[in-house]
Amino acid sequence: MEKTSNSSVFLLTVNGQIEGANFPDYDNLYCKYCYVYGHDWAPTTVSTVEKHCITQITSKSSQSHKLIWNFPLETTFKSTNPSGWPQLVVSVYGPDVFGNDVVRGYGATHIPFTPGQHIRTIPMFVPEPTWRLQKFTGWLLGRRPEYTDPKVVAHGEGREVTRVRSQGFVTVSFHIMTKDMKRMGYDTGPTNSSTVQFATSSQSRDAQ
């Protein structure tokens, strides 16, 4: 019975790292990340996927304006079909001028579909208040607009009524492996690939 159950799923193994970010106007930032996936997907190790993970705080060096985290990613998913392919959701936080911890950007990208090495540059955005008075009050009190659950950036519902502003980028490297996808009739392309892609989210396109 167990053999029959295993033959009806394929595996997607994700390794890599959140390499760093480029936020010209900000420093001393850290990144939170989580995964969003469809109902037919399940992580093989729940503890590393269900929760929001957090990187260390990093600062810019005198030689570079980039923020470097090099925070490792490692998880495996199983599924019966590609619908609801997993996405990586990242959110970046840091202090404002008053020392309050505020969000500096949200972003999301699909896990690469093909096996091999991949690099994604994720454009980040932040929600904007509707009125200038709200913006000033939020700046003064350290209460910037933010999402109660960052996973909403991976979905399209409600984005047409959300005002956002683009700022910053996060770079993520992936090493992808799949198992049993071809046996189930899915062609994932060549097994040896190395791609660099600019992962433009729908929220960022709306902001532009």
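Note that residues are indexed from 1 along each chain, following the sequence as it is written. With pLDDT at 70 or above as the cut-off, local features in this predicted model cover only qualifying residues; side-chain atom pairs require 80 or more to be listed or tallied, and sums for whole chains, interfaces and linings still use all residues. Hydrogens and water are ignored here; the side-chain numbers use all heavy atoms of the structure.

## Some words on unusual backbone geometry
Negative phi characterises most residues that are not glycine, and trans characterises most peptide bonds. A positive phi is found at asparagine 28, a non-glycine position, where the angle reads about 55°. Structurally, asparagine 28 can be placed in the loop between strand S1 (10-22) and strand S2 (30-36). The backbone of asparagine 70 shows a phi angle near 50°, a positive value even though the residue is not glycine. Residue placement: asparagine 70 occurs in strand S5 (residues 67-79). Taking relative accessible area as the criterion, asparagine 70 reaches 41% and is therefore assigned partly exposed. For helices the rule is a DSSP run of H or I covering at least 4 residues; for strands it is a run of E covering at least 2, with both sets numbered from the N terminus onward. Burial status follows relative accessibility: with a 1.4 Å probe on protein chains alone, a residue under 20% of its type maximum counts as buried, one over 50% as exposed, and anything between as partly exposed.

## Focus: the pattern of salt bridges
A carboxyl oxygen of Asp or Glu within 4 Å of a side-chain nitrogen of Lys or Arg is what we treat as a salt bridge. The full count for this structure, using the stated rule, is 2 salt bridges. A salt bridge links glutamate 128 to arginine 165; its shortest N-O distance comes to 3.4 Å. Linking glutamate 128 in the loop between strand S8 (116-127) and helix H2 (132-141) with arginine 165 in strand S9 (residues 164-179), this pair joins segments that are 37 residues apart in sequence. By relative accessible area, glutamate 128 is classed as buried at 17%. For aspartate 180, the salt bridge goes to arginine 183, with nearest N and O atoms at 3.6 Å. On the accessibility criterion, aspartate 180 (29% relative accessible area) is partly exposed. Exposure remark for arginine 183: the relative accessible area of 49% places this residue in the partly exposed category.

## Examining the confidence of the model for the protein
The quantity known as pLDDT measures the predictor's confidence residue by residue, on a range of 0 to 100. A residue-level look at the protein finds 75% of positions with pLDDT of 70 or above and a mean pLDDT of 82. Per-element confidence in the protein ranges from a low mean pLDDT of 44 for helix H3 (residues 202-207) to a high of 96 for S1. Two residues form a contact once any of their heavy atoms are found within 4.5 Å. Note that residues 1-5 has pLDDT below 50 and, in this model, 0 contacts with residues that lie over four places away or in other chains. Low confidence marks residues 201-208, where pLDDT is under 50. Its contacts with residues over four positions away, or in another chain, come to 17 contacts.

## So, the nonpolar core
Nonpolar side chains tend toward joint burial in soluble globular proteins. Membership of the largest hydrophobic core comes to 28 residues, with the highest contact counts inside it found for Ile18, Leu88, Ile111 and Val170. Among the elements of the structure, S1, S2, S5, strand S6 (87-95), S8 and S9 are those that each provide at least two residues to this core. Those residues in contact with isoleucine 18, other than ones at most four positions away along the chain, are Cys31, Tyr33, Trp69, Asn70, Phe71, Leu73, Val90, Val170, Thr171 and Val172. Among the nonpolar cores identified, the runner-up in size contains 13 residues, and Val36, Tyr93, Phe125 and Val164 belong to it. For the purposes of this section, nonpolar cores are sets of buried Ala, Val, Leu, Ile, Met, Phe, Trp, Tyr and Cys residues that join through side-chain atoms within 4.5 Å.

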